[in-house]
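Chain by chain, the residues:
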Amino acid sequence: MSVVREKSLIAQLAEALRCLPGVGPKSAQRMTYHLLERDRDGARRLAQALLSAVERVGHCSACRTLSESELCPLCASKSRDRTLLCVVESPADVHAIEQSAGYRGVYFVLMGHLSPLDGIGPDELGLAQLEARLDQGEVHEIILATNPTVEGEATAHYIGELVRARGIKATRIAHGVPLGGELEYIDGGTLSHAFAGRRAL
Amino acid sequence: MVQRRVQLECGYVLHRRPYRDTSLLAELWTVEQGRVGVVVRGARRAGSGLAGLIQPFRPLLLSWAGRGELASLSGAEADGPAPWLQGAGLLSGFYLNELLMRMLQRYDPHAGLYAAYVAALHGLMADPRRQALEGVLRVFEKRLLEELGYGLVLDSAADTGAPVEPEVSYVYHFGAGPMRANKGDSATALRVWGRSLLALAREQLDEPESLRDAKRLMRGALAPHLGDKPLHSRRLFAVYRVRES
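Residues numbered from 1 in each chain as written. Chains lettered and ligands numbered in written order. Predicted model: local features only at pLDDT ≥ 70, side-chain atom pairs only at ≥ 80, totals over all residues. Heavy atoms only, no water.

Notes on the pairing of strand β4 (residues 105–109) of chain A
Residue and element names in this part refer to chain A.
Turning to step 1, where the next piece is worked out: Along β4, five of the five residues are buried, which leaves the element largely enclosed by surrounding structure.
Turning to step 2, where the next piece is worked out: Sheet topology places strand β3 (residues 81–88) next to β4; five bridges connect them, and they run parallel. In the strand pairing of β4, C86 is matched with Y107.
Turning to step 3, where the next piece is worked out: Crossover handedness for the path β3 to helix α5 (residues 91–100) to β4: right-handed. (Buried < 20%, exposed > 50% of the residue type's maximum accessible area, 1.4 Å probe, protein only. Helix = DSSP H or I, 4+ residues; strand = E, 2+ residues; numbered from the N terminus. Pairing = 2+ DSSP bridges. Right-handed = clockwise from strand over helix to strand, strands pointing away.)

Below is the structure:
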């Protein structure tokens, strides 16, 4: 008789759910029981959606964001301004800008930032692909919208060097006091950035 | 291991990366405790305010507690204004941090090296020109080796003990020191000018020639300590070579 017992399907499902961010053993168990007791249809839909997404979603060949087609809808769209290229760290950043900024250009998604201590360099960020895009000559301005962290700044500077070497305009998004914020409660770093980046009225 | 609790110690963040959903793993570099690994709980939660502080190159006052390899950060305050490391200075700063991460053991304090690090960061901020930045890096590397007990002999010849003369070409033998170059030396030997050695000893690298010599010398001297894994931050400087060519 075999001593090793196979894990039950219920336990396997709970363990699989723990790969989601923010899901510990307790919530995984709750989700498992909810799906099996009350919502088997939902569970089936979830399983199918997961499978087809994992199999069919790849990266856009132009901007590297997640996309199920060769070109993502933004890159394929005819109404976008192709002379403006905004460089961001993640697909979530594209979504955030699309929601709010009224930006009409196209994007390039790095899927990370330069982080030499983690071994992430220019090659891992697809910068060769970005350079090839710049060399095509369609882009007139690059907007560097990496995060205002030390690594984000380094990434912006590095790309800025590549861009300027080609005589293309490079701009960096402004950092400063958030709307509705109060100066008294803002950290010193942000405040000094806001002062350095002040503009004439 | 005893529980340790450290309050408001001067230090910098060398490196940090996301951990779990809202936390960070950070590597600190402090005066009294040396390199320390800590978990920063909740740092990435909106409104925690810690994420802005736990950044490299910022002087901080740090408090932590815990036992073993990984402690838990209990507080961080800014210790002075955030420095303006920018552009090439920023990339050079990553290089300093990577060197420290690779060369130092945890809980091994080096007050002298800490002072050299602070001085190097200020040097990187003071003058953003490439030549000045390179000088700052070489001086830091020299002091790093000295502090770790691998200091280079720069002022006297290893074989004769005679003082190094500026206008003489030397071959540098690691583990021994400079020796007067002669015809028998192999083509791959590390040749440097006496004046470059003296400039490095004085920590005044103003000439392009002595900077070049110091760079080759320091690369050779650091190589055995770094092992086979290349320093990733060195790759970043390639962007300037493309531009200058």
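Side note on the packing of helix α2 (residues 87–103) of chain B against helix α4 (residues 130–147) of chain B
Residues and elements named next belong to chain B.
Turning to step 1, where the next piece is worked out: α4 packs onto α2 with a crossing angle of 10 degrees between their chain directions and a minimal axis gap of 10 Å. In this view, α2 runs roughly parallel relative to α4, as classed from their interaxial angle. Viewed along their axes, α2 and α4 form a crossing whose handedness is right-handed. Taking contact as the criterion, the partners of A88, G89, S92, Y95, L96, L99, L100 and M103 in α2 are, on α4, R130, L133, L137, R138, F140, E141, L144 and L145. (Axes fitted to C-alpha atoms, helices over the stretch in contact; angles between N-to-C directions. Parallel < 35°, antiparallel > 145°, perpendicular 65-115°, else oblique. Left-handed = near helix turned anticlockwise from the far one by under 90°. Contact = heavy atoms within 4.5 Å.)

With respect to the sheet that holds strand β6 (residues 169–173) of chain B
All names here are of chain B.
Turning to step 1, where the next piece is worked out: As summarised here, the arrangement of the three strands in space is β7-β6-β8, forming an open sheet in which the pairing is antiparallel. Two strands close off the open sheet at either side, each with one partner strand: β7 (177–180) and β8 (191–193). The mean inter-strand angle of the sheet, taken between neighbouring strand axes irrespective of direction, is 45 degrees.
Turning to step 2, where the next piece is worked out: Judged from the four bridges that link them, β6 and β7 form a sheet pairing that is antiparallel. Within the sheet, the bridge partner assigned to Y172 lies in β7 and is P178.

Details of helix α5 (residues 194–202) of chain B
All names here are of chain B.
Turning to step 1, where the next piece is worked out: Looking at α5, one finds that the buried residues are G194, S196, L197, L198, A199 and L200.
Turning to step 2, where the next piece is worked out: Those residues of α5 that are buried are in contact with α4, β6, β7, β8 and α6 (208–226).
Turning to step 3, where the next piece is worked out: The first or second residue beyond α5 is E203, which carries a positive phi of 60 degrees.

Structural notes on the sheet that holds strand β6 (residues 169–172) of chain A
Residue and element names in this part refer to chain A.
Turning to step 1, where the next piece is worked out: The strand order across the open sheet built from four strands is β4-β3-β5-β6, with neighbouring strands paired in parallel fashion. The open sheet terminates on both sides in strands that have one partner only, identified here as β4 and β6. Recorded for the sheet is a direction-independent mean angle of 25 degrees between the axes of neighbouring strands.
Turning to step 2, where the next piece is worked out: Pairing between strand β5 (residues 141–144) and β6: four bridges, direction parallel. Of the residues in β6, the one forming a bridge with E141 is K169.
Turning to step 3, where the next piece is worked out: Packed on one face of the sheet, α5 meets β3 and β4 and runs near 160 degrees to β4.
Turning to step 4, where the next piece is worked out: Of the strands in this sheet, β3, β5 and β6 touch helix α7 (residues 150–164), which is tilted by about 165 degrees from β6.

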